[in-house]
Amino acid sequence: MSQISRLLSLGRSIGFAVVLLVVLLAVNLILSPGRFQPGSWGALVGLAAPLIGAAIASTPVILAGRGGIDISVGPLMGFVNAMVIQVLFLKAGISSPLLLVPAALLIGALIGAANGFLATIVRIQPIVATLGTYLILTGVTLTILPAPIGPAPVWLKALAGPWSMLPLALMFIAWWLVRRTPYYDQLMAVGSDDRAAYTAGVDVTRVRFIAYVMTGIFGGCAGLMLTALIGSADPNIGPTYTLIAIAAVALGGVSLAGGRGGVAGAAIGAIDIFLLQSVLTTFNVSTFVLQIAYGAILVLAVMLTALQERLAMRGR
Amino acid sequence: MADRAAPDFRGLAIRDLVIASGASPITQAIAPGEIVGLAGLDGHGQELFLKMLAGLAPPLGGSIELALSGASRKITGFRKAVASGIAYLPRDRRANGIFPTQSVLDNFAVSTLSRDTRLGLISPAARKARYDIYREKLSIAAPRPDAPITTLSGGNQQKVLLARALALEPAILLLNDPTRGVDVATRHVLYHVFRGLAADGMGLVILSSEIEEILLLCQRVLVFRENEVAADISGDAMNTDSVISAMFGRAA
């Protein structure tokens with residue numbers, strides 16, 4: 001009973017994204033059955049993974065509410081990409097996943113902590129604080145890596161091919177564990193109403209700070225997935241993920257006001273955008289039209305969600 | 001949020017507490033098992049006084065000390081107050097109390113999350129069991145604990161918030177107009193619960209905008225006027241006339 005109701009309530013909050021997912025999947029299967037054969041699933045997931053990762057990474061700070069957002073996720077992915085390939089792999093000769101993966105996650109955690117410090121302790125508005133980080137990271141990335149360079153370690157490239165599910169699965173498991181800790185309830189409480197959370201004894205600043213660190217760690221992971229996909233280092237790709245990831249999060253029913261939604265919704269939103277991209281590219285549509293389509297779908301989705309909520313409120 | 005055994009409450013000592021500049025200091029003691037009412041015209045300091053007891057507002061002078069068996073703790077901030085065993089139920093339920101997007105169960109547990117953990121992870125069964133104790137005690141009418149709290153009536157939302165505060169197992173409970181916007185039937189359930197808590201040795205401080213409620217519930221009432229205690233009335237002297245004349249600053 002409670003399982004079913006939980007599924008139903010999940011469906012309500014991300015309803016439109018799920019419907020869109022089914023429709024787009026069907027359209028894709030009809031248009032290009034070859035691309036969606038089981039044999040190519042690995043590569044397909046690898047292609048979608050950086051966006052899904054970026055959307056998951058953007059989620060915790062948005063859930064924490066009061067304008068919480070991290071627009072530096074994209075540049076962080078680019079920075080991790082440049083650090084891992086250019087500095088650690090090519091210059092320092094480190095190729096072991098046992099060193100490169102923790103290094104990428106650590107970079108993410110540090111950048112996340114810096115964002116968290118600015119947004120929650122110095123109390124700069126999150127969008128301004130992370131805009132600063134956005135610009136700094138973009139600049140630093142271009143300084144250490146003026147032009148694209150390759151290659152990437154073989155094991156890393158495999159993470160965009162046959163093993164592409166692995167990093168995503170690890171991110172989901174990590175989030176699933178977070179959901180079962182007391183921290184998750186505090187995060188949702190803070191996102192829902194921070195004054196009430198304070199009165200209930202929740203350390204609001206600490207909760208928000210940790211959300212930024214989590215976003216950073218997930219962002220580091222997304223940076224690795226990006227590196228796996230492009231199999232090289234490219235200073236210009238990372239920053240493009242920021243806005244599309246936020247679009248995916250909103251599409252997935254995560255309220256930008258905080259306290260509502262989750263990682264699953266964000267991931268579904270990201271898959272929607274990926275599938276939309278896939279449909280439109282089969283028609284050889286230009287990338288400009290692609291942008292228009294993202295925007296239109298996003299506005300439509302947010303409108304429908306708001307409408308749905310208003311109807312639900314009236315029903316009460 | 002600290003886990004602690006229910007402390008043996010010995011009283012709350014308020015010494016020379018100044019709640020507004022220029023106001024004369026307040027010295028009071030709240031004994032175990034006592035229900036003290038706070039009355040006054042709106043904005044005459046009674047709410048500020050309650051918030052200072054909760055550690056939510058810094059006093060301008062004086063001290064608040066909670067005496068427990070074997071130890072006494074000065075209240076210097078909200079977190080310290082919660083950790084020492086002071087629970088506060090906010091006034092404006094919608095703005096400061098409930099989390100509208102969260103379930104009844106989550107709303108109940110948010111102050112005491114660490115008590116449901118097994119090896120660091122939350123056990124939903126333990127939380128549900130803990131909630132059921134208070135649901136029974138407060139007769140909360142919530143058909144499904146995993147439904148959003150906004151599906152409950154105002155009175156039941158208030159009961160959930162009270163359950164949240166009681167789950168802290170406080171030594172002293174501070175209630176800021178707890179029956180505001182609550183139906184009559186629920187009020188009587190709450191009164192019954194308050195009396196039961198006092199009988200168990202808890203100290204209760206209740207701010208109420210209704211004099212009848214204070215007369216019905218409290219053994220003693222502090223009437224505030226211009227950020228000072230204008231009258232401390234108890235026993236037979238406590239009636240509508242004496243409280244109202246103190247509120248308006250007339251000699252009783």
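See the structure above.
Criteria and thresholds
- All chains use their own residue numbering, which begins from 1 and follows the written sequence.
- Throughout, the order in which chains and ligands are written sets their labels, letters from A for the former and numbers from 1 for the latter.
- Two thresholds apply to this predicted model, a pLDDT of at least 70 for residue-level local features and 80 or more for giving and counting side-chain atom pairs, whereas whole-chain, interface and lining totals are computed over all residues.
- Helix numbering and strand numbering both begin at the N terminus, where a helix is a DSSP run of H or I of at least 4 residues and a strand a DSSP run of E of at least 2.
- Two things to know: the radius of gyration comes from C-alpha atoms, and the globule rule equals 2.2 Å times the number of residues to the power 0.38.
- Residue burial here comes from a neighbour count, namely the number of other C-beta atoms, placed from the backbone, that lie within 10 Å of the residue's own C-beta, with 20 or more meaning buried, 12 or fewer meaning exposed, and in between meaning partly exposed.
- By convention the nonpolar core is taken to be a set of buried residues drawn from Ala, Val, Leu, Ile, Met, Phe, Trp, Tyr and Cys and joined through C-beta atoms within 7 Å.
- A residue pair is marked as a contact if its C-beta atoms, positioned from the backbone, fall within 7 Å.
- Think of it as three bins: nonpolar holds Ala, Val, Leu, Ile, Met, Phe, Trp, Tyr, Cys and Pro, charged holds Asp, Glu, Lys and Arg, and polar takes everything else, Gly as well.
- Here the rule is simple: two strands pair whenever DSSP picks up at least two bridges between them.
- Every axis corresponds to a line fitted to the C-alpha atoms, with the helix fit spanning only the stretch in contact, and the corresponding angles, defined between N-to-C directions, vary from 0 to 180 degrees.

*Asks:* Provide a residue-level description of the overall build of chain B, including the pertinent values.
*Replies:* The secondary structure content of chain B amounts to nine helices and 12 strands. Taking 2.2 N^0.38 as the reference for a compact globule, 252 residues should give roughly 18 Å; the C-alpha atoms of chain B span a radius of gyration of 18 Å, in line with that estimate. Counting only C-alpha atoms and orienting by the principal axes, one finds that chain B spans roughly 55 × 40 × 30 Å. Out of the 252 residues in chain B, the part that is buried amounts to 46%.

*Asks:* Residue-level account of the nonpolar core, with values.
*Replies:* Formed by 170 residues in total, the largest nonpolar core has its most connected members in A:Leu51, A:Ala55, A:Ala248, B:Ile86 and B:Leu174. Looking at this core, the element that brings in the most residues is helix H11 (residues 204–230) of chain A, giving 16 residues. Not counting the four nearest positions on each side in its chain, A:Ala248 is found in contact with A:Leu51, A:Ala55, A:Ala266, A:Gly269, A:Ala270 and A:Ile273.

*Asks:* So what's going on with the interface of chain B and chain A? Residues and values would help.
*Replies:* At the interface, 24 residues of chain B touch 20 residues of chain A. Among the secondary structure elements, those contributing two or more residues to the side of chain B that touches chain A are helix H3 (93–97), helix H4 (104–109) and strand S8 (121–122) of chain B. Per element, the largest residue contribution to the side of chain B that touches chain A is three residues, and it comes from H3(B). Classifying every residue of the side of chain B that touches chain A gives 13 nonpolar, eight polar and three charged.

*Asks:* Tell me what's going on with the sheet that holds strand S2 (residues 26–30) of chain B, and back it up with residues and numbers.
*Replies:* Residues and elements named next belong to chain B. What the four strands build is an open sheet, ordered S2-S1-S4-S5; its pairing is antiparallel. In the strand order of this sheet, the two ends are held by S2 and strand S5 (71–74), each with one partner. On average, adjacent strands in this sheet sit at an angle of 15° to one another, irrespective of strand direction. Pairing geometry for strand S1 (residues 9–18) and strand S4 (residues 61–68), over seven bridges, is antiparallel. By the bridge assignment, Leu 12 is partnered in S4 with Leu 66.

*Asks:* Lay out the pairing of S4(B) in plain terms, naming residues and giving numbers.
*Replies:* All names here are of chain B. In the sheet, S4 pairs with S5 via four bridges, with the strands oriented antiparallel. Bridged to Glu 65 within S5 is Lys 74. Between S4 and S5, which follow one another and run antiparallel, lie two residues, and Gly 70 among them has a positive phi close to 85°.

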